[in-house]
Each structure stands twice: as C-alpha cells, then as structure tokens.
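Spelled out, the chains give:
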Amino acid sequence: MNELKFEELLEAGCHFGHLKRKWNPKMAPYIFKEHNGIHVIDLQKTIVKADEAAAALRQIAKSGKKVLFVATKKQAKDVVAEMAKSVDMPFVTERWPGGMLTNFTTIRKAVKKMNSLDQLMHDKDFNNISKRERLQVQRERAKLDKNLGSIADLTRLPSALFVIDINKEHIAVAEARRLNIPTFALVDTNCNPDLIDFPIPANDDASKSIAAILKHMTEAIQEGLNERMLDKDAQNEEEEVKAEEAPVEKRTRPRRAKKVETEEPKAE
C-alpha cells in the first residue's frame, strides 16, 4: 500500500473546507486555520485518520467480507463506482433505497425479482407476448438495475459502509449505526465526525479530493484481498503436503471370534 502524501492531498484540494458560518464545532480538532472566511483542514491529521481507516479496511477485505460504498452526489458517483468495481465491492450511486440495511430481506426480494425478469427476457416465448407487455418488463428491469444492479451480488449485510458526504447520506449512516455496522466516511467541516467510526477529514465536494482518498482506501482493500488469496494458497499447499506424507493404512476387517459352545453339566 502506497503512503498517502501531503503534496498529493494538497494538489487534490483535500484541505478546502466550507464557509466558517456553515461549520460544525465538532470538526474543530481537524481544522488548521480560517482563511478568507473558509476553514482549512489540517492535512497531517487527514493522513493519520486515512491510514487508520485503510488499515481497518485491509483487515475487513482480508477476512473475505464486503464493504458497501455509498455516494449519490453528482461529483462522487462516477469516481466511487469506478473505484468500487476495481476491488469487486458493492456500491450505491443512485438513490439510497430506504431500509436497505434495516429491511434487507425486502431488498433481496427485489433483487430476486430482477433475476426472474432476466430469465423471462431470455425465454424463447418472450417475443410471443405483446409489444406493450415486453416494453413494460424491459422498463421495470432497467429501473431495478439502476437502483439495485450494483448490489445484486450482495447476499448478506455488508461488514462496513464507506460514505461520501454523511449529511446527504444521513439515512444510510443512521441504518448502519442502528445495526452496529462500522462506518467509514469523508467528513467535511460541516459534518459531525462523532457519527462515524473511522472519520477522514477532507473535502467531500471535489471529485479530485474524493478520488485521492478513495485510491488509498481501495489500494488497502486490494492488499487485503491479495493477502487472503496467498493465505488460501499456503493453506492448500500445507494440506497437500500433509496428505502426501500421511502413511496409507490398510484397513483389515477384524475376524469374528468363533463362538465356543459349552455344554452345561446335567444334574444327576
């Protein structure tokens, strides 16, 4: 995992916060100074917090668990989708489906419905139904794919949530907190970092800033996935060696003891 450099964060504009009047006082420990009415984030603290978050994400990935990325704001959608796909993690970049975590079974039903529509569309009799009905099925499938396509393979609740802009995604954060799912997030100067388990103070409005932080996070996840694969390979090799070294024992069927019949002496 590459080190997060101060110069890279500075160039990406990670230090730009919001106007002073919009700040959240709980972000005070992460603010370096005020300049022309705008708060400037302390990038040294950003690096420390980002490294803590990256280490935790690496362990989650190493254990084979999933991290759900959430970002529905325009400047973050494409970046998050691309980064999440690169490490094969689920993501939500359209509308957050209310109850996605707290009512996960309903979401799974919607995913199953999407799969059943896929089967219907690939069926040879699909072209025999009316054009209007075909159009309705295709529209419904497209709508489900837009909202749920990226989480279609998520068979159980994610082990962590990574959020861009916790004020906008407050419903997702609230659901994760209710279920005790660890949360990671970029927190700007107008956010409350106490709501997040692993807050990373940084500009959450600029796509360059988001990309710089996410790159560091996905590299950590990829490293965890690689370590998991190496551990599996080593375990398989160890099992093969043990199997080869183990002596082949011939199983012989035990002979049944002959029953000796003894006659009892007759009473005289």
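One can find the structure itself at the top, above this paragraph.
Predicted model only: the values in this text are computed from it and were never measured.

What am I meant to see in the pattern of salt bridges here?
When the charged atoms of two side chains lie near each other, side chains of opposite charge can form a pair. Applying the stated criterion to the full structure yields twelve salt bridges. Between Glu34 and Lys20 there is a salt bridge, with its nearest N and O atoms 3.5 Å apart. Here Glu34, found in strand β2 (residues 31–35), pairs with Lys20, found in the loop between β1 (16–19) and β2; they are 14 residues apart in sequence, far enough to count as distant. The exposure class of Glu34 is partly exposed, given its relative accessible area of 41%. Of the charged contacts, one joins Lys49 and Glu52 as a salt bridge, the two residues approaching to 3.8 Å between their closest N and O atoms. Here the residue Lys49 and the residue Glu52 both occupy positions in helix α2 (residues 43–62), the gap between them amounting to three residues, near one helical turn. Put simply, Arg58, Lys62, Glu223 and Glu227 are held in one network by salt bridges that share partners.

Can you walk me through the sheet that holds strand β4 (residues 67–70) in this structure?
The strands that make up a sheet are held in pairs by hydrogen bonds between backbone atoms, and each pair lies either parallel or antiparallel. Here five strands make up an open sheet; going across it, the order is β5-β4-β6-β7-β8 and the pairing parallel. The sheet is open, and its two borders are formed by β5 (91–92) and β8 (198–201), each paired with just one other strand. Here β4 runs beside β5; their pairing, made up of two bridges, is parallel. Directly across from Val70, in β5, lies its bridge partner Val92. Where α2 meets the sheet, it contacts β4, β6 (160–164), β7 (183–187) and β8, and its direction lies at approximately 145 degrees from that of β8.

Just checking my understanding: could you explain the side chain of His18 for this structure?
Relative to the assigned elements, His18 resides in strand β1. At a separation of 3.4 Å, a polar atom in the side chain of His18 contacts the side chain of Asp188. Beyond its immediate sequence surroundings of up to four residues, His18 is in contact with Gly37, Ile38, His39, Asp188, Thr189, Asn190, Asp204 and Asp205.

How do you make sense of the nonpolar core when you look at a structure like this?
It is characteristic of soluble globular proteins that their nonpolar side chains tend to be buried jointly. Counting 39 residues, the largest nonpolar core has Phe69, Phe162 and Met217 as its most contacted members. Counting residues per element, the ones that place at least two in this core are α1 (6–12), α2, β4, α3 (74–86), β6, β7 and α7 (207–245). Broken down by element, this core gets its largest block of residues, nine residues, from α2. Non-local contacts of Phe69, meaning those with residues more than four positions away in its chain, are made with Val80, Ala84, Met89, Pro90, Phe91, Val92, Phe162, Leu214 and Ile221. Residues Val137, Leu148, Val173 and Ile181 belong to the second largest nonpolar core, which totals 32 residues.

What is the right way to read the packing of aromatic side chains from this model?
Centre-to-centre distance and the angle between the planes together describe a pair of aromatic rings. The final tally for this structure, using the stated rule, is two aromatic pairs. Centroid distance Phe184 to Phe198: 4.5 Å. Interplanar angle 5 degrees. Geometry classified as stacked. Note that Phe184 is positioned in strand β7 and Phe198 in strand β8, a separation of 14 residues in sequence. Taking the relative accessible area as the measure of exposure, Phe184 reaches 1% and is therefore buried.

Rules of the game
Residues numbered from 1 in each chain as written. Predicted model: local features only at pLDDT ≥ 70, side-chain atom pairs only at ≥ 80, totals over all residues. Heavy atoms only, no water. Salt bridge = Lys/Arg side-chain N within 4 Å of Asp/Glu carboxyl O. Helix = DSSP H or I, 4+ residues; strand = E, 2+ residues; numbered from the N terminus. Buried < 20%, exposed > 50% of the residue type's maximum accessible area, 1.4 Å probe, protein only. Pairing = 2+ DSSP bridges. Contact = heavy atoms within 4.5 Å. Axes fitted to C-alpha atoms, helices over the stretch in contact; angles between N-to-C directions. Polar contact = N/O pair within 3.5 Å; in protein donor to acceptor, adjacent residues only side chain to side chain. Core = buried A, V, L, I, M, F, W, Y, C linked by side-chain atoms within 4.5 Å. Phe/Tyr/Trp six-rings, centres within 6.5 Å; stacked < 30°, edge-to-face > 60°.

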